[in-house]
Amino acid sequence: MPGQCSPCHGGEIMTAAERLQETIRLLTDLVAFPTVSSDSNRALIDYAADYLAGHGAKLNIWADDSGKKANLFATLGPDGPGGIVLSGHTDVVPVENQEWSSDPFTLRESDGRLYGRGTCDMKGFIAAALATVPHYASLDLKRPLHIALTYDEEVGCYGGMALIDALQQAGIQPSVAIIGEPTEMRLIEGHKGGCEYTTTFTGTDGHASDPEAGVNAIAYAVRYITRLMELADEVKTRAPSVSRFSPPWTSLQVGTISGGIARNVIPGQCTLDWEMRPIQNSDRDFIKEQIEAYVDGHLRPEMQAVSDRADIITETISEIDGLEPVPDNEAVRILSELTGANHTDVVSFGTEAGLFQRLGLSAVVCGPGSIEQAHKPDEFIAISELEKALSVLEKLSRKLV
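A quick note: this is a predicted structure, and the numbers were derived from the prediction, not measured.

### Quick notes on the environment of Gly56
So, point 1. Take Gly56: it is sitting in the loop between α2 (42-54) and β1 (58-63).
So, point 2. Placed 21 residues apart in sequence, Gly56 and Gly77 show a C-alpha to C-alpha distance of 9.1 Å.

Below is the structure:
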């Protein structure tokens, strides 16, 4: 496991080459923490907290109810509103049943690439942000610089949601959020949301020779799915006239369905998992309102006319806000100036950016590495990508002094 970290060069200003080596050193340590979402991230959080505190950062660490997961929110510079947040999630996806060429939790360098779980998604960005902290700490900052490290992004952005709640309760109100997901340093100003649900149908078992005597849970699940697919078509008409997403509308689909025990038994239980990817939060609300109205107005009354024990219950697994493009986005303006980019993109994968937007921040997704490498065996980040990120992060200090 990684050892204790220490400030570099006694606080002296590092050259670009030294900062890159510090980034690789930090990334080596970060990768060695096996922060799969199902496990604790506390050791990594403690490591980052020690490093940040060593450079004078003020720390907030908020643990979840189990105490095994935590968010870290560190601040350099003055207290007060208007700060810039560099945000990254600390959890990684599992490595089981993947064929790796080397230990996924030991950083390996080869041909200008750094291999290891999380190098791309997204410990590379975290390492670059931490490596730039000594530079920020050496300046007389007029605007706060925040480092946000979260848990459980990969399984539903639970840490990000908890962080937003904690910031609200603490009265901390930055104005800009840069989420360093792997975009090859392209500026992403919009992405779809991600909403996941499990709907359980409880009917009554019975002999198939008398179907009317029972409540067929699968039959009602089929009608529910049919209505969902109708809504999937209806929501296409709600897409903005100019949509840059692919597909250009909110998508909706059923992923799994399970129920019944035999073909000659009326099934008393059925469960289905479904999801939607809203391009605007109003689509999410529309779909939920319409399907709930169908359940309340048709399905549930029919079921309970046969048995008052029959019911339909939907559990929200996660509702991740999308990042909606807005005309005036300070985060985009800042990174456009620092990177020289003259255009922005949108993507279909989700991030924590929409959560910061909900808090009232302008947000942009921009980080080193390619999403094409994420979640795969032999995940890697190119060293050249880290160099690009470090250059931008160093220039960001212009917006803080």
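### Some points on the sheet that holds strand β14 (residues 311-320)
So, point 1. Spatial strand order, β11-β13-β9-β14: four strands in an open sheet with antiparallel pairing. Where the open sheet ends on each side, the last strands, each with one partner, are β11 (251-259) and β14. Adjacent strand axes in the sheet meet at a mean angle of 15°, parallel and antiparallel pairs treated alike.
So, point 2. Sheet topology places strand β9 (residues 194-202) next to β14; nine bridges connect them, and they run antiparallel. Pairing of Thr202 across the sheet is with Asp311, part of β14.
So, point 3. Contacting β9, β11, β13 (269-277) and β14, helix α6 (residues 281-306) crosses the sheet at an angle of about 165° to β14.

### Let's talk about the side chain of Lys69
So, point 1. Looking at the secondary structure, you find Lys69 in the loop between β1 and β2 (70-76).
So, point 2. Relative accessible area serves as the criterion here: at 9%, Lys69 is assigned to the buried category.
So, point 3. Polar contacts involving the side chain of Lys69 include one to the main-chain carbonyl oxygen of Ser37, which spans 2.7 Å.
So, point 4. In this view, Lys69 contacts Ser37, Asp39, Ser40, Asn41, Arg42, Trp62, Ala63, Asp64, Tyr151 and Asp152; residues no more than four positions away in its chain are not counted.

### A word on helix α1 (residues 16-32)
So, point 1. For α1, built from 17 residues, the straight-helix expectation of 24 Å at 1.5 Å per residue is met to within 8% by its first-to-last C-alpha distance of 24 Å.
So, point 2. By the burial criterion, the buried members of α1 are Arg19, Leu20, Glu22, Thr23, Ile24, Leu26, Leu27, Asp29, Leu30 and Val31.
So, point 3. Those residues of α1 that are buried lie in contact with α2, β5 (113-115), α3 (119-137), β17 (380-382) and α9 (383-395).

Cut-offs used in this document
Residues numbered from 1 in each chain as written. Predicted model: local features only at pLDDT ≥ 70, side-chain atom pairs only at ≥ 80, totals over all residues. Heavy atoms only, no water. Helix = DSSP H or I, 4+ residues; strand = E, 2+ residues; numbered from the N terminus. Pairing = 2+ DSSP bridges. Axes fitted to C-alpha atoms, helices over the stretch in contact; angles between N-to-C directions. Contact = heavy atoms within 4.5 Å. Buried < 20%, exposed > 50% of the residue type's maximum accessible area, 1.4 Å probe, protein only. Polar contact = N/O pair within 3.5 Å; in protein donor to acceptor, adjacent residues only side chain to side chain. Expected span 1.5 Å × (residues − 1).

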